[in-house]
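# Residue-level structure breakdown
So you can see what is in the structure, the chains are spelled out below.
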Amino acid sequence: MSIYKKLEQVMSDRNVEAYIDLIHEDAEIIFHKSGNRFSKNEWASMVGGMMSNPKFVNDASRCVYENDDILVSHDFMSYPDDTKEAVMLVCMLKDGQIIRMETGATPLT
């Protein structure tokens, strides 16, 4: 199963443990908008909070491109503060896991 399909499934199931298993130990997660960078452990604690909130919703997602080295997806997200964003996700892959993840988000009105 592709990383994209696995991500889709764990997000739908809100399965934090399975989500974190997709992240490589040496991963770096980067938010384009803020420039903030997170390790796997830092990201894991954030993801738990996000997935436990029913107002954090992936409204729609599509895989733009995926191979053994890279995944690019585009999502429409809703957040607990009632904002919505279009999110571009780019993941570099290594050994079947995400080694680098960067998001770019555009607020939607």
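Note: the structure precedes this text.
Below or above, wherever it landed, is the structure these notes cover. Small disclaimer: the values here were computed from a predicted structure and weren't measured. (Residues numbered from 1 in each chain as written. Predicted model: local features only at pLDDT ≥ 70, side-chain atom pairs only at ≥ 80, totals over all residues. Heavy atoms only, no water.)

### Quick look at the pairing of strand β5 (residues 84-94)
To be explicit about the condition: Strand pairing is assigned whenever DSSP detects at least two bridges linking the two strands. The numbering of helices and of strands both runs from the N terminus, where a helix is a DSSP run of H or I of at least 4 residues and a strand a run of E of at least 2.
The sheet contact formed by strand β4 (residues 70-78) and β5 spans nine bridges and is antiparallel. Paired with Phe76 across the strands is Ala86, a residue of β5. Sheet topology note: the β5/strand β6 (residues 97-108) ladder contains eleven bridges and is antiparallel. Residue Leu89 lies in a different strand from β6, and its bridge partner there is Thr103. Counting the residues that bridge the hairpin from β5 to β6 gives two residues, and of these Asp95 lies at a positive phi of roughly 55°.

### Things to note about the sheet that holds β6
The criterion, for reference: The convention used is that axes are lines fitted to C-alpha atoms, helices contributing only their stretch in contact, and that angles between N-to-C directions extend from 0 to 180 degrees. We call two residues in contact whenever any of their non-hydrogen atoms come within 4.5 Å of each other.
In spatial order, the strands read β2-β1-β6-β5-β4-β3; together these six strands make up an open sheet with mixed pairing. Each edge of the open sheet carries a strand with a single partner, namely β2 (37-39) and β3 (57-66). Within the sheet, the average angular offset between the axes of one strand and its neighbour, ignoring direction, is 20°. Contacts between helix α1 (residues 3-13) and the sheet are confined to β3, β4, β5 and β6, with β3 contributing the most and set at about 175° to the helix.

### Describing the nonpolar core
Cut-off, in case you're wondering: We call a set of buried residues a nonpolar core when its members are Ala, Val, Leu, Ile, Met, Phe, Trp, Tyr or Cys and they connect through side-chain atoms within 4.5 Å of each other. Residue burial is assigned from relative accessible area. The probe radius is 1.4 Å, only protein chains are included, and a residue is buried under 20% of its type maximum, exposed over 50%, and partly exposed in between.
Leu7, Tyr19, Ile98 and Met101 are the most contacted members of the largest nonpolar core, which totals 20 residues. Elements supplying a minimum of two residues to this core: α1, α2 (16-21), β1 (23-31), α3 (40-52), β5 and β6. At four residues, α1 tops the list of elements feeding residues into this core. Once residues lying within four places of it in the same chain are set aside, the contact partners of Leu7 are Tyr19, Leu22, Leu71, Leu89 and Ile98.

### What about the pattern of salt bridges?
Using the following cut-off: For salt bridges, the criterion is a side-chain nitrogen of Lys or Arg within 4 Å of an Asp or Glu carboxyl oxygen.
In this structure the tally under the stated criterion is seven salt bridges. With a closest N to O distance of 3.6 Å, Arg100 and Glu102 form a salt bridge. You can call Glu102 partly exposed: its relative accessible area is 26%. Linked through salt bridges whose partners overlap, the residues forming this network are Glu28, Arg37, Arg100 and Glu102.

### Some details on the packing of aromatic side chains
Filter applied, for reference: Working definition: rings of Phe, Tyr and Trp (its six-membered ring) pair if their centres are within 6.5 Å, and the pair is stacked with planes under 30 degrees apart, edge-to-face with planes over 60 apart, and tilted otherwise.
Per the counting criterion, the structure on display carries four aromatic pairs. For the pair Phe31 and Trp43, a centre-to-centre distance of 5.7 Å together with 85° between the ring planes defines the contact as edge-to-face. Here the residue Phe31 occupies a position in strand β1, and Trp43 occupies one in helix α3, the gap between them amounting to twelve residues. Phe31 gets classed as partly exposed once you look at its relative accessible area, which sits at 24%. The interplanar angle of 35° and the centroid separation of 6.2 Å between the aromatic rings of Phe38 and Trp43 together place this pair among those described as tilted. The buried category is assigned to Phe38, whose relative accessible area is 16%. According to the relative accessible area criterion, Trp43 is buried, its value standing at 6%.

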